[in-house]
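Structural features, examined
The chain contents come next:
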Amino acid sequence: MNKDYYETLGVNKSASKDEIKKAFYKLAHKYHPDKKEGDEKKFKEVNEAYQTLSDDQKRAKYDQFGSNYANMGGAGYGPQGGGFGGFEGFDFSGFGQNGGMEFDLNDIFSDFFGGGGGRTQTRRGRDISTEMNISFSEAVFGITRKVLITKTSSCETCKATGAKAGTKMETCKTCNGQGKIHEAKRTILGTISTTKMCETCTGSGQVPKEVCEKCHGKGVLRKEEEITINVPAGIRDGEMIRMTGMGEAVSKGTTGDLYIKINVSRHPIFKREGFDLTTDLNIKLSDALLGMKYELETLDGKVEVTIPEGVGINEILRVKGKGVPNKGKRGDILIQLNIKMPNKISKKSREYIEKLKEDGI
């Protein structure tokens, strides 16, 4: 059955890559299995949709062929070939029985196109996610943090083999060392031979003569692990860092990925606009007319800012090279000047202002 990845992520077909990424981060955080109200099934569906739509080539094929695009290439079938095109999205199930033989055309076509011809899929561990809170300054300049995460990891005692130290491996009796099980299935098209991975040896063809006492032969176990996270300079609030191969391990397979959502705290003075930092500065009317020197506390320390005489209302001053790092350069600090008008004017001040008025100022 064709899967609607756009619907899974809750985005339109015209959604940009940024919109797809934001939708994924939000849903991955919501459905993560480690959360109290998480949903592992939905988490996997969201991840599957993102892996396709975030890749331009995969997305183009998906838009053309649907979620079964991976099986449409090279065999001469589907929209590009002349074989079984036109079946996409059609439900072949529910045809009941035929002469006492049960069959389901969905299963049949899955056997033809879904890896039944001798191929076995590589096992992959689960992706996991966590969050990290950092300061505004740490987000601008970057930081390295070490965190403790409890997850399924490879057993260090047996080096993920599942075997007791010094014990030899022996041929798996379930699959006779083939790593896969051959099955014959009767269908309306005749008998179809399928091949599936052997669950006993997880496709390796060998099992330990004596199992590891630490992981009980699984090759993996759940434990607390210290992970070093390098947060790059200029990261934004809500962005996600992906650490490939740092997710959960699986016996005789590839490790999943770790996603870290970054939460950046607010700064009391500065806000971020692109690679620039912005701030407001309230100055007196006299300072606007006569000019002044102002000491500004930046993320790099104090700098002296010159406010020129006769500066206008809401004028913006620029302090170059003190903003957010970007490809070897840095943005600027933009200071918006707010001229504070006096609530009351003394008699003496009024005389001065009247004089200015006479002078045309």
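Residues numbered from 1 in each chain as written. Predicted model: local features only at pLDDT ≥ 70, side-chain atom pairs only at ≥ 80, totals over all residues. Heavy atoms only, no water.

Across the sheet, which stays open at both edges, the 3 strands sit in the order β3-β11-β10 with mixed pairing between neighbours. The outermost strands of the open sheet, each flanked by one partner alone, are β3 (128–134) and β10 (240–243). Averaged over all pairs of adjacent strands, the angle between strand axes in this sheet comes to 25°, irrespective of strand direction. Two elements, β10 and strand β11 (residues 258–264), share 4 bridges in a ladder whose sense is antiparallel. Each bridged residue has a counterpart across the sheet, and for Arg242 the counterpart in β11 is Tyr259. (Pairing = 2+ DSSP bridges. Helix = DSSP H or I, 4+ residues; strand = E, 2+ residues; numbered from the N terminus. Axes fitted to C-alpha atoms, helices over the stretch in contact; angles between N-to-C directions.)

Let's shift gears to unusual backbone geometry. Look at Asn314: it is not a glycine, yet its phi comes out positive at around 60°. Take Asn314: it is sitting in the loop between β15 (301–307) and β16 (316–319). The partly exposed category is assigned to Asn314, whose relative accessible area is 46%. The residue Lys327 is not glycine, and still its phi comes out positive at about 55°. The residue Lys327 is located in the loop between β17 (325–326) and β18 (329–330) in this model. (Buried < 20%, exposed > 50% of the residue type's maximum accessible area, 1.4 Å probe, protein only.)

On to the packing of aromatic side chains, then. In this description, an aromatic ring pair is defined by two values, namely the gap between the centres and the angle between the planes. For the structure shown, the criterion picks out 5 aromatic pairs. Both rings, one in Phe24 and one in Tyr25, keep their centres 5.8 Å apart while their planes meet at 50°; by these two values the pair is tilted. One exposure class covers both Phe24 and Tyr25, and it is buried. A ring pair is formed by Phe24 and Tyr259, whose centres lie 5.6 Å apart and whose planes are at 70°; its orientation type is edge-to-face. Residue Phe24 is located in helix α2 (residues 17–31), and its partner Tyr259 is located in strand β11; the two are separated by 235 residues in the primary sequence. Relative accessible area serves as the criterion here: at 2%, Phe24 is assigned to the buried category. What links up through ring pairs into an aromatic cluster is the set Phe24, Tyr25, Tyr50 and Tyr259. Sitting above the plane of the Phe275 ring, Arg236 keeps its charged end 6.0 Å from the centroid. (Phe/Tyr/Trp six-rings, centres within 6.5 Å; stacked < 30°, edge-to-face > 60°. Lys NZ or Arg CZ within 6 Å of the ring centre and 35° of its normal.)

Moving on, we get to the sheet that holds strand β13 (residues 276–284). Spatial strand order, β12-β13-β19-β16: 4 strands in an open sheet with mixed pairing. Taken across any chain shown, the strands that pair with only one partner, and hence form the sheet edges, are β12 (271–273) and β16. Along the sheet, successive strands turn relative to each other by an average axial angle of 35°, direction set aside. Pairing of β16 with strand β19 (residues 333–340), which is carried by 4 bridges, proceeds in the antiparallel orientation. Bridged to Val319 within β19 is Ile333.

So, about the pairing of β15. Sheet analysis places strand β14 (residues 292–298) next to β15, joined by 7 bridges and oriented antiparallel. The residue bridging Lys293 from the neighbouring strand is Thr306, located in β15. Here β14 folds back onto β15, and the loop between the two strands holds 2 residues.

Within the largest apolar cluster, 36 residues are counted, with the highest numbers of intra-cluster contacts made by Ile134, Val231, Ile262 and Ile335. If sequence neighbours within four positions are ignored, Ile262 has contacts with Met132, Ile134, Val231, Ile235, Arg236, Asp237, Gly238, Glu239 and Ile241. One finds Tyr6, Tyr25, Met240 and Tyr259 within the second-largest nonpolar core, a separate group that totals 20 residues. (Core = buried A, V, L, I, M, F, W, Y, C linked by side-chain atoms within 4.5 Å. Contact = heavy atoms within 4.5 Å.)

Right, let's talk about a nonpolar patch on the surface for a bit. Where nonpolar side chains cluster on the molecular surface, the patch consists of Leu289, Leu290, Ile345, Ile353 and Leu356 and spans about 430 Å² of accessible area. Listing elements by their share of the nonpolar patch, those giving two or more residues are α7 (285–290) and α8 (347–358). Its location among the elements puts Ile345 in the loop between β19 and α8. (Patch = residues over 30% accessible without salt bridge, like charges linked within 9 Å, V, L, I, M, F, W, Y side chains within 5 Å. Areas by Shrake-Rupley, 256 points an atom, 1.4 Å probe, with all protein chains shown as cover. Salt bridge = Lys/Arg side-chain N within 4 Å of Asp/Glu carboxyl O.)

Between its first and last C-alpha atoms helix α3 (residues 40–53) spans 20 Å; for 14 residues at 1.5 Å apiece the expected length is 20 Å, and the two agree. Residues of α3 that are buried include every one of Phe43, Val46, Asn47, Ala49, Tyr50, Thr52 and Leu53, and no others. Where α3 is buried, its residues contact α1 (5–9), α2, α4 (56–65) and β11. The N-capping residue of α3, defined by a side-chain oxygen 3.1 Å from the backbone nitrogen of Lys41, is Asp39. (Expected span 1.5 Å × (residues − 1). Polar contact = N/O pair within 3.5 Å; in protein donor to acceptor, adjacent residues only side chain to side chain.)

Two numbers describe how α3 lies on α4: the axes approach to 6 Å, and their chain directions differ by 105°. By the angle between their directions, the pair α3 and α4 is classed as roughly perpendicular. Contact residues: Gln51, Thr52 and Leu53 in α3; Lys58, Arg59 and Tyr62 in α4. (Parallel < 35°, antiparallel > 145°, perpendicular 65-115°, else oblique.)

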